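As a plain string of letters, each chain reads:
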Amino acid sequence: MLSCRSLKGQCLNLLWRQKSCLSSLQSKNVAVRKSESLRNKPKLEELVFGKFFSDHMLVCDYDDTEGWKDPQIMPFGDFQLSPAISSLHYAIQCFEGMKAYRTSDNDVRLFRPNLNIQRMQRTGKVLTLPEFDGDEFLKLLKQLIQLDSDWVPDTQAASLYIRPTFISTDPVIGVKHPSKARLFVITGPVGPYYEQKGTELFKSIKLMADPQYVRAWEGGIGAFKAGGNYAPTIHIQKIAQTQGCQQVLWLYGDDKQMTEAGTMNFLIYWINSDGEKELITAPLDSGLILPGVTRQSVLDMAREWGEFRVTERMVTMPEFIKAADEERIIEVFGAGTACMIAPIDCILYEGQDINLPTMTSGAKLSKRLFEELTAIQTGKVEHSWSQSIYT
């Protein structure tokens, strides 16, 4: 008679053999079908974030009997999917946000794409979506953008937004591991994420901080880019807008820890209690914070400069207010792919405006980070973070 341990071992070996027989995602097998009717491209001044889409999309389907099917690049269009798919009912879906930039020599560059792909793989694992080869996916992504490269704007004021999305396509109602999935990518030209005035590229925003609203909690999935993290925040953002704010500063816990700003990571540049200049942001170990690519790039760049202390720890609202009262705040800003660097000049808290010197002091750090990151993204400065779509 087999022992429980032996039986468990045989089951695991069987599952491993079954998994190893499944087809993996292979870029060499991609089928390309070009659009016969190309879409009209918007003028630069018409660009609204997320409204316009390029001519083609990438679609990769999976089922747990065959594995990954041959990927397809096809004309942008609607999907035909069952209304029973579990991504519609149980939010088994995740996404990424990336950008492609045109350089002065007409190359097209991606910015640290491996970090986005790795984050999607981590989120997919939490949602029990199938594993995929990140290197092969990047090759497919580059091939898609090569085909639609004329959609990449020729200006620093705009870029091509890239939206990889991973959904369950299992047409079964029931909270369970999906047997079918779709990984797809759509792209489109975008201008600034926040509404700008005229040709202004660097506009500050105001945040509403209210501890009754919580974005994420310890033991949850706030550190993952799952769609279910975003839908509940839309109502709170609308409340913030009725109070003259563009976004929400998410607080957490009885001590009112400052976590994120809207969909951005939140950073403070101040004089700390030891009299040192310090750039500080919430750490990733709590599970409350999305590990943003722009956040990581800002921290990496600041540490390389070595001009001030760079710290990852929680700052509480009382601690922040004390620093503001003592005029130790220098700048506050958000960081994310959509907006890159968003200066913050005011926080509405308990009915009172906390006015910040971000813009009156010249937003020197915010502008420097924005300019140096943009220089890398657009190829003005050669850096390992920037990858050509043609390599």
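Residues numbered from 1 in each chain as written. Predicted model: local features only at pLDDT ≥ 70, side-chain atom pairs only at ≥ 80, totals over all residues. Heavy atoms only, no water.

This part covers the overall build of the chain. Broken down by element type, the chain carries eight helices and 19 strands. Against the 2.2 N^0.38 benchmark of 21 Å for 391 residues, the chain shows a C-alpha radius of gyration of 23 Å, consistent with a compact globule. The C-alpha extent of the chain, read off along each of the three principal axes, is 70 × 60 × 40 Å. The buried share among the 391 residues of the chain stands at 52%. The contacts of the chain with a sequence gap of at least 6 include a subset with a gap of at least 24, amounting to 72%. Summed over its atoms, the accessible surface of the chain is roughly 19200 Å², and 50% of this surface lies on carbon and sulfur atoms. (Helix = DSSP H or I, 4+ residues; strand = E, 2+ residues; numbered from the N terminus. Rg over C-alpha atoms; globule rule 2.2 N^0.38 Å. Buried < 20%, exposed > 50% of the residue type's maximum accessible area, 1.4 Å probe, protein only. Contact = heavy atoms within 4.5 Å. Areas by Shrake-Rupley, 256 points an atom, 1.4 Å probe, with all protein chains shown as cover.)

What follows covers the state of the cysteines. Note: disulfide means a covalent bond formed between the sulfur atoms of two cysteine side chains. Counted under the stated rule, the structure contains zero disulfides. We note that Cys60 lacks a disulfide partner, and the nearest cysteine sulfur, in Cys94, lies 13 Å from it. Assessed through its relative accessible area of 0%, Cys60 is described here as buried. Of the cysteine sulfurs around Cys245, a residue in no disulfide, the closest is that of Cys346, at 7.0 Å. (Disulfide = S-S within 2.5 Å.)

In this fold, Leu160 is placed in strand 8 (residues 159–168). Contact partners of Leu160, with chain neighbours within four places excluded, come to Ser54, Met98, Lys99, Ala100, Ile145, Trp151, Val152, Pro153, Thr187, Gly188 and Pro189.

Going through the model one piece at a time under the given rule, you end up with six cavities of 30 Å³ or more. Reported here for the second largest cavity is a volume of approximately 80 Å³. Around the second largest cavity, the lining residues are Gly97, Met98, Lys99, Tyr101, Phe111, Asn116, Val293, Thr294, Gly336, Thr337, Met340 and Gln377. Where the lining of the second largest cavity is concerned, the elements lending two or more residues are strand 6 (98–102) and helix 6 (293–305). The biggest single contributor to the lining of the second largest cavity is strand 6, with three residues. The residue inventory of the lining of the second largest cavity, partitioned by class, reads five nonpolar, six polar and one charged. (1 Å grid on protein atoms, 1.4 Å probe; cavity = no way out; pocket = protein on both sides within 12 Å on 5 of 7 lines; lining within 4 Å. Points joined across faces, edges and corners; volume = space filled by probe spheres on them. Nonpolar A, V, L, I, M, F, W, Y, C, P; charged D, E, K, R; others polar.)

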